[in-house]
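Fold and contact review
Here is what each chain is made of, one letter per residue.
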Amino acid sequence: MVLLLTGGSLLAQQAGLRGIVLDAESGASIENAYLFIYPQSDPGAAREQTTQEEGSFFFEKLKPGPYSLRINRAGYHEQSMNVDVPAHEERDMIIYLRERNYRTEPVVVTGTHMHSRVEDPSEVATVLRGKDLDRELGLTLAATLKNETGIAMRAMGPAPARPVIRGLGGDRVLITEDGNKTTDLSATSPDHAVTIEPFAAERIEVLRGPRVLTQSPVTLGGVVNVIRHDIAMDRHEHVLGSVGVYGESANRGYLASAHASVPLASFILRGDVSRREAGDLDTPEGRLHNSSAASTDMGFGGSYIDGGSYGGASYRGYDLAYGVPGGFVGAHPNGVDIELERRQINARASYAVDGSFLHDVSVQASRAYYRHKEFEASGLIGSEFRIVNYPGRIWMTHHSVGPIDEGNIGLNYEYRDFSVGGFVFTSPSTSMNLAPYLFERWTMGPVEMEAAVRYNYDRITPLHDDPNARIGHIREREFHTWSASATALIDVTDIVHVGMNVSRSSRVPTIEELFSEGPHLAAYSYEVGNPNLPEEHGIGTELFLYHRWDALYFNINLFRNALQSFITPRNTGEINYATFLPVYATSSVEALLYGAEAQIGWHILPELQVDASVSYTHGSFAETGDPLPQIPPVKGRVGVTWKRETLQLGMHSTFAGRQSRVDAFEEETAGYAILGGFAQYSFSTGAQVHNLSLSAENVLDQVYRNHLSRVKAVLPEAGVNLRLTYKLHFELH
């Protein structure tokens, strides 16, 4: 997909409407879509045009004011909307059309962000939406993403699972909902679950490159953003919603979910609720006891929308109870039970300035309460954590100026109050972060570039200063760090592009990495922090080549990440004899990670497509060359899909190589290849659209183990697993 934005600086002072029309499910550009626009004050002055090959359109020299816009294309639902055209500037927008036999959430339009060619490789490789998302839905966010290129899953049972990107996990992968940072402890320990229900997501995307610095200082990992639009930014005319059910056989689990979005004059109200229950996991070698989970997810929000401006608030409550299996060395024989809750209030507003330079000013603020309790078999609380968090940011988006096509400047902030209970001896602490950033994008002939820079000030303050602690002097720490990233994309031809990214990444140690000193019940470890840890920083480089044509897509990435102070907990091989738990000590080391990813999609026949992907990460301690702990083996997927109108059938094989490069006291894992398949069918009844997905995993009931699973020594991954998903999308007039 090529987006034509050249010449923006020359036309930026003219009122106009520029955009691109995309398929809501696949993200592919839509050629020959018909657009009809007229001023609401003068319907006789209507204009029309069709989109170009790359889906782009441009209505130039429009008079400022409110317009009505209608978009038609054979095979898609017609879309109508109101658009305000500001004086002396262009308005940018992306329009997603929904296929007639399939519907996602309301049409998405944005006037603040234009789709960039630099985003195309990640758009194709690591974005899940529509039918693809329905097909890949799993028990957790990590299970839903585990088959994406470059992503692995760290787990300690089915429920506590988190995505790992290119061998990097924990705080190096930021998880957000609608751009709001989620507050939980999933980054700090493998027994902690992510507090997001993926079923109700409209889209799940993995962000990399300079754009990451608008939310996180860690450029070598990435941002996993789950989009639900709890606070609507665009209006629609009718009540939209969906209901769905989901079930899978390996854990006898089920889920029921519903959501609705209701327009009331200039207001959009939205609400959703989901309930999930899953039993213990069945594997080819038996049932994994104490691996069940039950969750309730509920949210509602509302927003007021006036032209390009909006403001609103939302609330989300998430409760989860799950088991952490036991039975291996160092673990409790019957496992541990965990209950957690998250209550989060978000507010967000954006004001369209309509100036010659500034497009809009936006602000986002949240208050999150998180509580987490770990129970021993007797019912007593062994560990307890509580966080009250106040993250937010303010940013301004600008139009074309000089050689710059667009950009934004902003300030992130966060204040966190962390406390512990039970038999955990980590010092209660507070932390504060202030982080100004700048992101810009520009085009020079065939080269498109993005660059960003971010400064971070962090202060971590323990409740008590303790110079005589066994782990060292527990005291207040301050960090001044910076991160930067630049990506250049060059058009070799209209359909072949090469690019390069260079990033400097930074990360401050967490409270747990600094001050932990004692047993962690559900992690089955005695954790020893290091109050003298420096900040983690490193340089990452990446080369990529991608080709996108109607019948063939491929993408090749080579990356190298050199970290001068990689913070990692390692099994020391020692046992704390007061608790009989293995001792994990946190240290800072030099590390080198490099690897490659490749992905191809080829329509060998109009109705038949072959897909394949593979990813590999090699991680070593830089000084000795010895393997880093918890690095995923080479993994990939090969599949074939047959599609005719509303029916899709497919088969695939997921494979992983043997992982024999392991840290001391870490187990090797054998390679495997498992078979799966799916069938999807969509049909309409009046204005309602029904989608059915049936997926099968590990159909030969083979024994295989996830190298990043802490419970792999007890039992392997799931045996034969059938997943059935049904979604009804409705629109009420």
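Here's what I pulled together on the structure shown here. (Residues numbered from 1 in each chain as written. Predicted model: local features only at pLDDT ≥ 70, side-chain atom pairs only at ≥ 80, totals over all residues. Heavy atoms only, no water.)

Further remarks concern the nonpolar core. Counting 35 residues, the largest nonpolar core has Leu 320, Tyr 322 and Leu 340 as its most contacted members. At the level of secondary structure, the elements contributing two or more residues to this core comprise β21 (309-324), β22 (336-352), β24 (381-398) and α5 (511-515). It is β21 that provides the largest number of residues to this core, a total of four residues. Contacts of Tyr 322, omitting those with residues within four sequence positions, involve Ala 159, Pro 160, Asp 191, His 192, Ala 193, Ser 292, Ala 293, Val 336, Asp 337, Ile 338, Leu 340 and His 372. Within the second largest apolar cluster, 20 residues are counted, among which are Ala 15, Val 21, Phe 59 and Val 83. (Core = buried A, V, L, I, M, F, W, Y, C linked by side-chain atoms within 4.5 Å. Buried < 20%, exposed > 50% of the residue type's maximum accessible area, 1.4 Å probe, protein only. Helix = DSSP H or I, 4+ residues; strand = E, 2+ residues; numbered from the N terminus. Contact = heavy atoms within 4.5 Å.)

To continue, consider the pairing of strand β14 (residues 222-227). In terms of burial, β14 is a largely internal element, six of the six residues being buried. The side-chain alternation of β14 yields two buried faces, one formed by Gly 222, Val 224 and Val 226 and the other by Val 223, Asn 225 and Ile 227. Here strand β11 (residues 173-177) pairs with β14 via five bridges, running parallel. When the bridges of β14 are listed, Glu 177 appears paired with Val 226. When strand β13 (residues 203-207) meets β14, the two strands line up antiparallel, connected through five bridges. (Pairing = 2+ DSSP bridges.)

It is worth spelling out a negative patch on the surface at this point. A surface patch of like charges, here negative, comprises Glu 31, Glu 53, Asp 494 and Asp 550. Position of Asp 494 among the secondary structure elements: in the loop between β28 (477-491) and β29 (496-507). Taking relative accessible area as the criterion, Asp 494 reaches 66% and is therefore assigned exposed. (Patch = residues over 30% accessible without salt bridge, like charges linked within 9 Å, V, L, I, M, F, W, Y side chains within 5 Å. Areas by Shrake-Rupley, 256 points an atom, 1.4 Å probe, with all protein chains shown as cover. Salt bridge = Lys/Arg side-chain N within 4 Å of Asp/Glu carboxyl O. Lys, Arg positive; Asp, Glu negative; His and termini not counted. Charge placed at Lys NZ, Arg CZ, Asp CG, Glu CD.)

It is worth spelling out empty space enclosed by the protein at this point. For the coordinates displayed, the defined rule picks out 12 cavities of 30 Å³ or more. Considering only enclosed or pocket space, the largest cavity measures out at about 890 Å³ in volume. Around the largest cavity, the lining is made up of 44 residues, and of these Asp 171, Leu 174, Lys 181, Glu 414 and Arg 416 lie nearest the centre. Within the residue set of the lining of the largest cavity, elements represented by two or more residues are β11, β12 (180-181), β23 (358-375), β24, β25 (404-422), β26 (429-444), β27 (447-462) and α5. When its residues are assigned to classes, the lining of the largest cavity shows 14 nonpolar, 18 polar and 12 charged. (1 Å grid on protein atoms, 1.4 Å probe; cavity = no way out; pocket = protein on both sides within 12 Å on 5 of 7 lines; lining within 4 Å. Points joined across faces, edges and corners; volume = space filled by probe spheres on them. Nonpolar A, V, L, I, M, F, W, Y, C, P; charged D, E, K, R; others polar.)

Taken in spatial order, the four strands make up an open sheet running β3-β2-β5-β6, and their pairing is antiparallel. Edge positions in the open sheet fall to β3 (47-50) and β6 (79-85), since each of these has one partner strand only. With strand direction ignored, the average angle separating the axes of adjacent strands in the sheet is 20°. Bridge count between strand β2 (residues 34-39) and strand β5 (residues 65-72): six bridges; the pairing is antiparallel. Its bridge partner being in β5, Ile 37 is matched across the sheet by Leu 69. (Axes fitted to C-alpha atoms, helices over the stretch in contact; angles between N-to-C directions.)

With that settled, the discussion passes to the sheet that holds strand β7 (residues 90-97). The strands making up a sheet are joined through hydrogen bonds of the backbone, oriented either antiparallel or parallel. Here three strands make up an open sheet; going across it, the order is β4-β1-β7 and the pairing mixed. The strands lining the two open edges of the sheet, one partner per strand, are β4 (56-60) and β7. Each strand axis lies, on average, 20° off the axis of its neighbour in the sheet, ignoring direction.

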